[in-house]
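# Commentary on secondary and tertiary structure
Here is what each chain is made of, one letter per residue.
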Amino acid sequence: MKLSLPANISKLRKEHAMTQEQLAEALGVTFASVSKWERGVATPELNLIAEMADLFGVSFDAIVGFEVQNGSIIALEERIHQLQREKNYDEAITEAEKALIRYPNDFRIVYRCGELYSVAGMEQNNVAYSKKALSLYNRACMLIKQNEDPEISDIAIRKEMAKIYLALGEYNKGVELLKQNNPCRMNHPLIGQTLASSCDNPDGALPYLSMALLDLTVTHMEIVMGYINVFCKTKDYSNALALVDWALAFYPGLKNPEKRGYMDKNEAILWTVRADILLSLCKKEEAIKSLRQAKKIALRFDEAPNYNAASIRFVSCQTSATAFDDLGDTALIGVDDLIASYEKSELLNLWRIVKDE
């Protein structure tokens, strides 16, 4: 095992923006002692190494030698995760406890063990496991600077903690934690659901659910257009058509029959996309019908444009939806621009005929 204690002490001290004097003061030793440690002239006692590991938020092994630490931790983390996936919770928890003793300040181990206790606690209805998960997740947040996984963040961990509180019946704690860690309204659906069902607060739930539904309409369109581009670029037109038909089925249920709304613009665009896909499948007559439907919906919206979010069924807020609209000044212009962007003469000619009808 290659030990690199002097280099690691120096590296970690600098990463934490500490001078040798400041580290010495924190540990209750002299400046000369720290200087000797970093030059390899002297070695700190074991209790001081442990104090530095805790101070820097790393494991004991990490401060002694990174090479063996990294390999063993990765293998141990994967072992715990595999046992969790196999639902072999007893063995997984035994391994987790050993890992936490050996690497109490390693983010990967602490986070993985928190996940294990969270899943085991919920599946086995074990309150002690759930509370242990809360403690480990909180510790993981303190060690978050070690994290290298872009899909894990302090906010994501806090959301998992909130779910545990909700599972424990501590609804107010859970909701408050969700509200405190809610960028881009990511927790609005769960907040709304919890307020309505567990907190018996339907009036409080409505604003959260309304904004979540608005965000869903945007996400829906982004996912649909992404899939359609994938299928069209791989010439999988059958799946592209199935996808756009599924997407179009999404709109009727959200339309307020008494109001016209900005979702009509989205729908007109999707009918246009459908026409292009049908032409790729050599279904000219069906493509013409789709263009006619696009025209009909676009003209209906343009007669009385309504960008109020309340035009969507079930949405109770009065927020403007213009922030979500980049489809053109009018619905018909949006269709014109989309068809022009395809640069397909057959589609353009069919659209000219349909527009002149």
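All of these numbers come straight from a predicted model, not from anything done at the bench. (Residues numbered from 1 in each chain as written. Predicted model: local features only at pLDDT ≥ 70, side-chain atom pairs only at ≥ 80, totals over all residues. Heavy atoms only, no water.)

The next subject is the side chain of Ser210. Inspection of the secondary structure puts Ser210 in helix α13 (residues 202-233). When residues no more than four places from it in sequence are discounted, the contact partners of Ser210 are Phe314, Val315, Ser316 and Cys317. (Helix = DSSP H or I, 4+ residues; strand = E, 2+ residues; numbered from the N terminus. Contact = heavy atoms within 4.5 Å.)

This part takes up helix α8 (residues 107-123). Its 17 residues give α8 an end-to-end C-alpha distance of 24 Å, which sits within 8% of 24 Å, the value for a rise of 1.5 Å per residue. Within α8, 13 of the 17 residues are buried, which leaves it mostly tucked inside the rest of the structure. With a side-chain oxygen positioned 3.0 Å from the backbone nitrogen of Arg108, the residue opening α8 is Asp106. A positive backbone phi angle near 55° is found at Asn125, which sits one or two residues after α8. (Expected span 1.5 Å × (residues − 1). Buried < 20%, exposed > 50% of the residue type's maximum accessible area, 1.4 Å probe, protein only. Polar contact = N/O pair within 3.5 Å; in protein donor to acceptor, adjacent residues only side chain to side chain.)

In the structure shown here, the tally under the stated rule is six aromatic pairs. For the ring pair Tyr111 and Tyr137, a centre distance of 5.9 Å and an interplane angle of 45° mean the geometry is tilted. Here Tyr137 lies in helix α9 (residues 127-142) and Tyr111 lies in helix α8, a separation of 26 residues in the sequence. The buried category is assigned to Tyr111, whose relative accessible area is 12%. Taken together, Phe107, Tyr111 and Tyr137 form an aromatic cluster joined through their ring pairs. We note Lys132 situated over the ring of Tyr117; from NZ or CZ to the ring centre the distance is 5.8 Å. (Phe/Tyr/Trp six-rings, centres within 6.5 Å; stacked < 30°, edge-to-face > 60°. Lys NZ or Arg CZ within 6 Å of the ring centre and 35° of its normal.)

Right, let's get into helix α11 (residues 171-180). Those residues of α11 lying buried are Gly174, Val175, Leu177 and Leu178. Looking straight down α11, one finds its buried side chains confined to an arc of 160°; they lie on one side. What points out from α11, more than 90 degrees from its buried face, is the exposed set Asn172 and Gln180. Where α11 is buried, its residues touch α10 (154-167) and α12 (188-197). (Arc of directions from axis to C-beta.)

Counted according to the given criterion, the structure contains one cavity of 30 Å³ or more. Roughly 50 Å³ of volume is contained in the largest cavity. What lines the largest cavity is Leu254, Lys255, Asn256, Lys259, Arg260, Gly261, Met263, Asp264, Ser311 and Ile312. Residues that form the lining of the largest cavity fall into these classes: three nonpolar, three polar and four charged. (1 Å grid on protein atoms, 1.4 Å probe; cavity = no way out; pocket = protein on both sides within 12 Å on 5 of 7 lines; lining within 4 Å. Points joined across faces, edges and corners; volume = space filled by probe spheres on them. Nonpolar A, V, L, I, M, F, W, Y, C, P; charged D, E, K, R; others polar.)

Another point: the pattern of salt bridges. Enumeration according to the criterion identifies 20 salt bridges in this entry. A salt bridge links Lys344 to Asp276, with the shortest nitrogen-to-oxygen separation between them at 2.9 Å. Taken as a pair, Lys344 in the loop between α17 (331-342) and α18 (345-356) and Asp276 in helix α15 (residues 263-280) lie far apart in primary sequence, 68 residues in all. Since its relative accessible area comes to 35%, Lys344 is described here as partly exposed. Overall, Asp276 belongs to the buried group, its relative accessible area being 5%. A single salt-bridge network, built from bridges that share partners, covers Lys255, Asp264, Glu267 and Arg300. (Salt bridge = Lys/Arg side-chain N within 4 Å of Asp/Glu carboxyl O.)

What follows covers the nonpolar core. Counting 49 residues, the largest nonpolar core has Leu214, Ile228, Leu270, Ile277 and Leu291 as its most contacted members. Elements represented by at least two residues in this core include exactly α13, α14 (237-248), α15, α16 (284-303), α17 and α18. The element contributing the most residues to this core is α15, with ten residues. Filtering out sequence-adjacent residues up to four positions away, Leu270 remains in contact with Met221, Val224, Met225, Val244, Ala247, Leu248 and Tyr251. By size, the runner-up hydrophobic cluster in this structure holds 42 residues, among which are Ala162, Tyr165, Leu190 and Ile191. (Core = buried A, V, L, I, M, F, W, Y, C linked by side-chain atoms within 4.5 Å.)

Running from amino to carboxyl end, α10 crosses α11 at an angle of 160°, the nearest separation of the two axes being 7 Å. Judged by the angle between their axes, α10 and α11 are roughly antiparallel. Judged by the sense of rotation from one axis to the other, the crossing of α10 with α11 is left-handed. Between α10, through Arg158, Lys159, Met161, Ala162, Tyr165 and Leu166, and α11, the contact on the second element is made entirely by Tyr171, Lys173, Gly174, Val175, Leu177 and Leu178. The class makeup of the residues in the contact of α10 with α11 is eight nonpolar, one polar and three charged. (Axes fitted to C-alpha atoms, helices over the stretch in contact; angles between N-to-C directions. Parallel < 35°, antiparallel > 145°, perpendicular 65-115°, else oblique. Left-handed = near helix turned anticlockwise from the far one by under 90°.)

Turning our attention to unusual backbone geometry. Of note in this structure, Ala17 is not a glycine but carries a positive phi near 55°. Among the secondary structure elements, Ala17 is positioned in the loop between α1 (5-15) and α2 (20-27). Within the chain, Lys235 stands out as a residue other than glycine whose phi angle is a positive 60°.

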